[in-house]
Amino acid sequence: MRVLITGAAGFLGSHLCDRLIAEGHDVVGMDNFVTGNPENLAHLAGNQHFEFIRHDVSEYIFVPGKVDAVMHFASPASPNPESPYSYPNLPIQTMKAGALGTHNTLGVAKANQARFLLASTSEIYGDPTVHPQSESYWGHADPVGFRSVYDEAKRFAEALTMAYHRFHGLDTRIVRIFNTYGPRMRLDDGRVVPNFVKQALQKQPLTIYGDGLQTRSFCYVEDLIEGIYRLLMSDEHMPVNIGNPAEISILEFAKEINRLTDNPAGLEFHKDQRLGDDPQRRQPDITRAKSILKWQPSIDLATGLERTIQYFKGQNFAK
Ligand code: NAD
Ligand code: UDP
């Protein structure tokens, strides 16, 4: 296949490019570098199976030649307002990438009769009142909270994807991605993994927002990419959760990173940074992924974090 991947210079997009090329496909990567990093694609320069188009997906998209699949991953993804690379600081771009970007990428898929895969998110569920979250849960999202620019854009993107499927018969897929981490995350996008690992390698205290009792369930990138690849190759049109169900509090997560890095500096609580709609519990129910895709994660937290810490050490920022 010849596959268009938007958000190709980002964390997940760049890993997807590698996986698709390794499977024998040709990849057209697209990105405007708003949160991504050209370094994530540097190793593909000169690869005859890879082309790159610098473009903002919220503008009309033209891709010369035939496209067999479109994977729409372009969007800011960090909720941390302390980082300039976060969606609260890129609110209009985030809504445009999720709304206009999804419309434009669906248009490319329709014009080519190509299959389409949308990168959706566990944020669809907002601050969930049901636990764990299965795809049948409609969510509990604040339409005007500070996360709303992201959550509502993704909810709109899912609705538009289903409209193209139902009305135009487009061959679509929707993956709801839960917190994923690994090499190529941007060091300064403010998400918890780069924040904590950077702080730990600099022997600084880890910044816990709130009391740290809020939970997340962290999936290593290699596991996630395997699940997404299986979904792309499947015939499933309804949303599928992909994530690691191993739930952990942010407090325990911070302690684990301090342990793995021998960081003596401990923890620092930032009560004032508790943002109103920080989801309190998040854990994917992956029953559908297991039965439809025969997929489940295989890399445990300690192994994934070791690999991630090694990557960040190589980024030469640890003073
Ligand atoms: P990322 O910030 O590393 O990558 C996003 C990429 O999209 C960046 O390279 C950025 O420059 C590009 N981009 C953003 N707006 C664009 C635009 N208008 N035109 C062209 N390119 C644009 O983030 P990520 O973690 O790799 O996330 C990728 C996708 O996966 C996003 O859609 C995100 O919502 C989704 N997702 C990620 C996670 C996670 O845990 N990593 C969880 C849920 C959903
Ligand atoms: N968090 C934290 N300290 C940090 C960064 C994040 O305690 O330095 C918390 C944040 O409040 C949230 C969790 O870690 O409860 C995960 O945050 P992240 O930004 O990675 O993404 P989210 O899952 O909230 O979208």
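Structural data are supplied above this passage.
Rules used in this analysis
Residues numbered from 1 in each chain as written. Chains lettered and ligands numbered in written order. Predicted model: local features only at pLDDT ≥ 70, side-chain atom pairs only at ≥ 80, totals over all residues. Heavy atoms only, no water. Near = heavy atom within 4 Å. Polar contact = N/O pair within 3.5 Å; in protein donor to acceptor, adjacent residues only side chain to side chain. Helix = DSSP H or I, 4+ residues; strand = E, 2+ residues; numbered from the N terminus. Nonpolar A, V, L, I, M, F, W, Y, C, P; charged D, E, K, R; others polar. Pairing = 2+ DSSP bridges. Axes fitted to C-alpha atoms, helices over the stretch in contact; angles between N-to-C directions. Contact = heavy atoms within 4.5 Å. Areas by Shrake-Rupley, 256 points an atom, 1.4 Å probe, with all protein chains shown as cover.

1. A look at the site of ligand 2
Taken together, the neighbourhood of ligand 2 is formed by 17 residues, with N179, T207, Y209, R216 and D278 sitting nearest. Between an oxygen atom of ligand 2 and a side-chain N or O atom of N179, the distance comes to 2.8 Å. Here Y209 contributes a backbone N or O atom positioned 2.8 Å from an oxygen atom of ligand 2. At the level of secondary structure, the elements contributing two or more residues to the shell around ligand 2 comprise helix 5 (192–201) and strand 8 (206–209). Of the residues in the shell around ligand 2, the class split is six nonpolar, five polar and six charged.

2. Some remarks on the sheet that holds strand 2 (residues 26–31)
On the basis of which strands lie adjacent, the open sheet formed by seven strands has the order 3-2-1-4-5-6-11 and parallel pairing. Only two strands of the sheet have a single neighbouring strand rather than two, namely strand 3 (50–54) and strand 11 (240–242). Along the sheet, successive strands turn relative to each other by an average axial angle of 20°, direction set aside. Pairing of strand 6 (residues 172–177) with strand 11, which is carried by three bridges, proceeds in the parallel orientation. Looking at the pairing, I177 lines up with I242 of strand 11. Where helix 4 (residues 148–168) meets the sheet, it contacts strand 5 (115–121) and strand 6, and its direction lies at approximately 155° from that of strand 5.

3. So, the site of ligand 1
Near ligand 1 lie 28 residues; those nearest to it are L12, D31, T35, Y150 and K154. Between ligand 1 and the protein, one listed contact pairs an oxygen atom with a backbone N or O atom of G36 at 2.9 Å. Considered on its own, ligand 1 offers 820 Å² of accessible surface; in the complex 96% of this is hidden by protein. For the shell around ligand 1, the secondary-structure elements that each account for two or more residues are helix 1 (11–22), strand 5 and helix 4.

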